[in-house]
Amino acid sequence: MKLGVNIDHIATLRNARGGVEPNLVEAAKIILKEDILALTMHLREDRRHIKDKDLYDVKSLGAKINLEMAATTEIQKIALDIIPYSVCIVPERRQEVTTEGGLDVYSQKEYLKEFIKPLKEKGILVSMFIDPDIKQVEASRYIGANYIEMHTGSFSIAFEKGDFKHELDKLKSAALHAQKLDLKVNAGHGLNYENVYLMKEISGISELNIGHSIISRSIFVGISQAVKEMLELID
Ligand code: PXP
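Residues numbered from 1 in each chain as written. Predicted model: local features only at pLDDT ≥ 70, side-chain atom pairs only at ≥ 80, totals over all residues. Heavy atoms only, no water.

Asker: Just to check I follow, could you spell out the overall build of the protein chain for this structure?
Answerer: Per the secondary structure count, the protein chain includes 10 helices and eight strands. What you see for the protein chain is a C-alpha radius of gyration of 17 Å, in line with the 18 Å of a compact globule of 235 residues. Projected onto the principal axes, the alpha-carbon positions of the protein chain cover approximately 45 × 40 × 30 Å. In the protein chain, which comprises 235 residues, the share counted as buried stands at 52%. Within the structure as shown, the protein chain displays about 11,000 Å² of accessible surface, and the carbon and sulfur contribution to it stands at 52%. Between the averaged position of the 31 positive side-chain charges in the protein chain and that of its 35 negative side-chain charges there is a distance of 3 Å. (Helix = DSSP H or I, 4+ residues; strand = E, 2+ residues; numbered from the N terminus. Rg over C-alpha atoms; globule rule 2.2 N^0.38 Å. Buried < 20%, exposed > 50% of the residue type's maximum accessible area, 1.4 Å probe, protein only. Areas by Shrake-Rupley, 256 points an atom, 1.4 Å probe, with all protein chains shown as cover. Lys, Arg positive; Asp, Glu negative; His and termini not counted. Charge placed at Lys NZ, Arg CZ, Asp CG, Glu CD.)

Asker: How do you make sense of the site of the ligand when you look at a structure like this?
Answerer: Lining the immediate environment of the ligand, one finds 13 residues, of which Glu-68, Glu-149, Gly-190, Gly-211 and His-212 sit closest. Asn-6 places a side-chain nitrogen or oxygen 3.3 Å from an oxygen atom of the ligand. One of the side-chain N or O atoms of Glu-149 is found 2.5 Å from a nitrogen atom in the ligand. Notes on the ligand: free accessible area 400 Å², of which the protein chains cover 94%. Looking at the shell around the ligand residue by residue, the classes come out as three nonpolar, eight polar and two charged. (Near = heavy atom within 4 Å. Polar contact = N/O pair within 3.5 Å; in protein donor to acceptor, adjacent residues only side chain to side chain. Nonpolar A, V, L, I, M, F, W, Y, C, P; charged D, E, K, R; others polar.)

Asker: Before we go on, may I ask you to explain the side chain of Arg-44 in this structure?
Answerer: Position of Arg-44 among the secondary structure elements: in the loop between strand E2 (38-42) and helix H3 (52-59). Setting aside residues up to four positions removed in sequence, Arg-44 forms contacts with His-49, Glu-92, Arg-93, Glu-96, Thr-98 and Thr-99. (Contact = heavy atoms within 4.5 Å.)

Asker: I keep staring at the environment of Glu-45 and nothing clicks. Help me out?
Answerer: Note that Glu-45 resides in the loop between E2 and H3. Note on Glu-45: relative accessible area 30%, which makes it partly exposed. C-alpha of Glu-45 to C-alpha of Ala-70: the two residues are 25 residues apart in sequence and 7.8 Å apart in space.

It is worth stressing that arrangement in space is one thing and function is another; only the former is reported here.
Structure (structure tokens):
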């Protein structure tokens, strides 16, 4: 399993004062020294954390970027200019604190099939952020996505309550089904230093995208140590 580190919350903290600290590019440079796959950045429509310039600045470091984005033409245009390593198509509601629930690929499959074509033509890997639901897995296959990223939010909440078997089983079944359909499988949301070990029980996960817990941990131990500790847990 590889790790994608989501750096949105560094930008959240910076934007709280409207200045330049903490410097996102400096943080990116430090994280890139670790054995990670990519830096994950979510360019939201309201630009509440990552700004357009952040993407260009991080790209100029030669970083592999996994761009989380809503399926809108505005963000698609930016993706086609930046050419990130991968994009992860997410649902987006302005009022939400974070991405709540997976994308309903099934009910907009014809739109999404057309939407991802230009991205794929540029060689960008395309992932769909979905709940671990067979119907959504099959729809992701139908539209031609390369990956699914399973939303682990419900699993993480269940883990806190100490009763997570059912949620973990759903992730296992969805991952198996996806692999039968030749889809690669990523996972993320709410994963932390306590629950991440359970991702090893799911066969064939390529990549975990983790942000909040790593950035939170970095307050105590620094960002390189926080990333190292997570890498040790998923190794
Ligand atoms: N993957 C996706 C698609 C997300 O939207 C997020 C949250 O931005 C994450 C992973 C990371 O979630 P967390 O910050 O809870 O680790």
